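Examining the three-dimensional arrangement
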Amino acid sequence: MIFRYADLDPYKKAFVFELDNVLFPAQDYLFQVYYLFAAFVEHTEQWKSKEIIGCMIEAYQKNGERAVFDAVKTAFSLEPKYQDNFDRLLMTARLPLKLLLYQQMLELLQQIVVDRKQIFILTNGNPQQQLNKIKQVDWNGLEPYLTCYFAEETKPKPEPDALHHILAKHQLQRRDLIMVGNHEADELCAQAAGVDYANLFDFIK
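Residues numbered from 1 in each chain as written. Predicted model: local features only at pLDDT ≥ 70, side-chain atom pairs only at ≥ 80, totals over all residues. Heavy atoms only, no water.

Broken down by element type, the chain carries eight helices and seven strands. With the C-alpha coordinates of the chain rotated into their principal frame, the extents come out at 60 × 30 × 30 Å. In the chain, buried positions account for 45% of the 205 residues. Excluding contacts between residues fewer than 6 apart, the proportion of contacts in the chain whose partners are at least 24 apart in sequence is 72%. Between the averaged position of the 22 positive side-chain charges in the chain and that of its 28 negative side-chain charges there is a distance of 4 Å. (Helix = DSSP H or I, 4+ residues; strand = E, 2+ residues; numbered from the N terminus. Buried < 20%, exposed > 50% of the residue type's maximum accessible area, 1.4 Å probe, protein only. Contact = heavy atoms within 4.5 Å. Lys, Arg positive; Asp, Glu negative; His and termini not counted. Charge placed at Lys NZ, Arg CZ, Asp CG, Glu CD.)

Right, let's get into the packing of aromatic side chains. In this structure the tally under the stated criterion is eleven aromatic pairs. A centroid spacing of 6.2 Å and a plane angle of 65° characterise the contact between Phe37 and Phe69, whose relative ring orientation is edge-to-face. Note that Phe37 is positioned in helix 1 (residues 26–45) and Phe69 in helix 3 (residues 68–76), a separation of 32 residues in sequence. Judged by its relative accessible area of 0%, Phe37 is buried. Each member of the aromatic cluster is reached from another via a ring pair, and the members are Phe31, Tyr34, Phe37, Phe40, Tyr60, Phe69, Tyr82 and Phe86. The ring of Tyr29 is capped by Lys133, whose NZ or CZ atom sits 5.3 Å from the centre of that ring. (Phe/Tyr/Trp six-rings, centres within 6.5 Å; stacked < 30°, edge-to-face > 60°. Lys NZ or Arg CZ within 6 Å of the ring centre and 35° of its normal.)

Turning our attention to the pairing of strand 1 (residues 14–17). The alternating pattern of strand 1 places Ala14 and Val16 on one face and Phe15 and Phe17 on the opposite face, and all of these are buried. Relative to strand 3 (residues 118–123), strand 1 is paired through four bridges, and the arrangement is parallel. Across the sheet, Phe17 pairs through a bridge with Ile121, a residue of strand 3. Pairing geometry for strand 1 and strand 6 (residues 177–181), over four bridges, is parallel. (Pairing = 2+ DSSP bridges.)

Turning to helix 2 (residues 49–63), a few remarks are in order. Side chains that are three or four residues apart share a direction in an α-helix, a result of its 3.6 residues per turn. An ideal rise of 1.5 Å per residue puts 21 Å on 15 residues; helix 2 measures up with 21 Å between its terminal C-alpha atoms. Among the residues of helix 2, those classed as buried are Ser49, Ile52, Ile53, Cys55, Met56, Ala59 and Tyr60. The arc that holds every buried residue of helix 2, seen down its axis, measures 160°, which confines them to one face. Exposed residues lying more than 90 degrees from the buried face of helix 2 are Lys50, Gln61 and Lys62. (Expected span 1.5 Å × (residues − 1). Arc of directions from axis to C-beta.)

Counting residues in hydrophobic clusters, the biggest one holds 54 residues, and the most contacted among them are Phe17, Leu23, Phe37, Val72, Met105 and Trp139. Residues in contact with Met105, not counting those within four places in the same chain, are Phe17, Val22, Leu23, Val180, Leu200, Phe203 and Ile204. Within the second largest apolar cluster, 17 residues are counted, among which are Leu122, Tyr149, Ala190 and Val195. (Core = buried A, V, L, I, M, F, W, Y, C linked by side-chain atoms within 4.5 Å.)

Moving on, we get to the packing of helix 2 against helix 3. Two elements in contact, helix 2 and helix 3, have axes whose closest approach is 8 Å; the angle formed by their N-to-C orientations is 140°. Classified by the angle between their axes, helix 2 and helix 3 sit oblique to one another. Handedness of the helix 2/helix 3 crossing: right-handed. Seen from helix 2, the contacting residues are Glu51, Ile52, Cys55, Met56, Ala59 and Tyr60; seen from helix 3, they are Val68, Ala71, Val72, Ala75 and Phe76. Taken together, the residues that form the contact of helix 2 with helix 3 break down as ten nonpolar, no polar and one charged. (Axes fitted to C-alpha atoms, helices over the stretch in contact; angles between N-to-C directions. Parallel < 35°, antiparallel > 145°, perpendicular 65-115°, else oblique. Left-handed = near helix turned anticlockwise from the far one by under 90°. Nonpolar A, V, L, I, M, F, W, Y, C, P; charged D, E, K, R; others polar.)

Moving on: helix 6 (residues 127–135). Those residues of helix 6 that fall on the buried side of the exposure criterion are Gln129, Gln130, Asn132, Lys133 and Ile134. N-capping of helix 6 is provided by Asn126, with a side-chain oxygen placed 2.8 Å from the backbone N of Gln128. (Polar contact = N/O pair within 3.5 Å; in protein donor to acceptor, adjacent residues only side chain to side chain.)

Okay, the packing of helix 1 against helix 4 (residues 81–92) next. Interhelical geometry of helix 1 versus helix 4 gives an angle of 145° and a closest axis separation of 10 Å. The element helix 1 and its partner helix 4 pack so that their crossing is right-handed. For the pair helix 1 and helix 4, the contacting residues are Tyr29, Leu30, Val33, Tyr34, Leu36, Phe37, Phe40, Val41, Thr44 and Glu45 in the first and Tyr82, Asn85, Phe86, Leu89, Leu90, Met91 and Thr92 in the second. Taken together, the residues of the contact of helix 1 with helix 4 break down into 13 nonpolar, three polar and one charged.

Below, the structure is given as structure tokens:
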């Protein structure tokens, strides 16, 4: 069953969302970073960026984000100095293309705004990197209605500290809130804080 906004408890006053793989696909950011890194290496080493990108995406798909640099370093005998370039891009890259929200999540956010309810983004991960992503999302004019928190600044999810902070700062009760995520950490965080939880896939096919 796919939820619509109208299916949700009308007495909810606020919604809390994770960022990666909830509002937009995380790989949309990462693959653009890989493109920029491959272009940089091509410029300095005269290797074909297409082959580098292919190696990076394959490593990501097989073994996850943390395996990517080691895979390309081994495949192309990259010098250790490139680690700094890669890490810097992951944190601060200016992307060629805007990050696009899942269509169903964009529609959900717009309906929440029309209904004059609060929207919070509570995201795990490095705050600098997460802020860089937020700045490069095409929010379709929703920016003034978003309040963002970085869980790393208190304790990362699944610890509920950041969620408790949101409740206290914005004078909300647990029953006022629903958390939307796509990770076990999100669900456990919601359970620990005593707030309702919905999975991303309750809203999208």
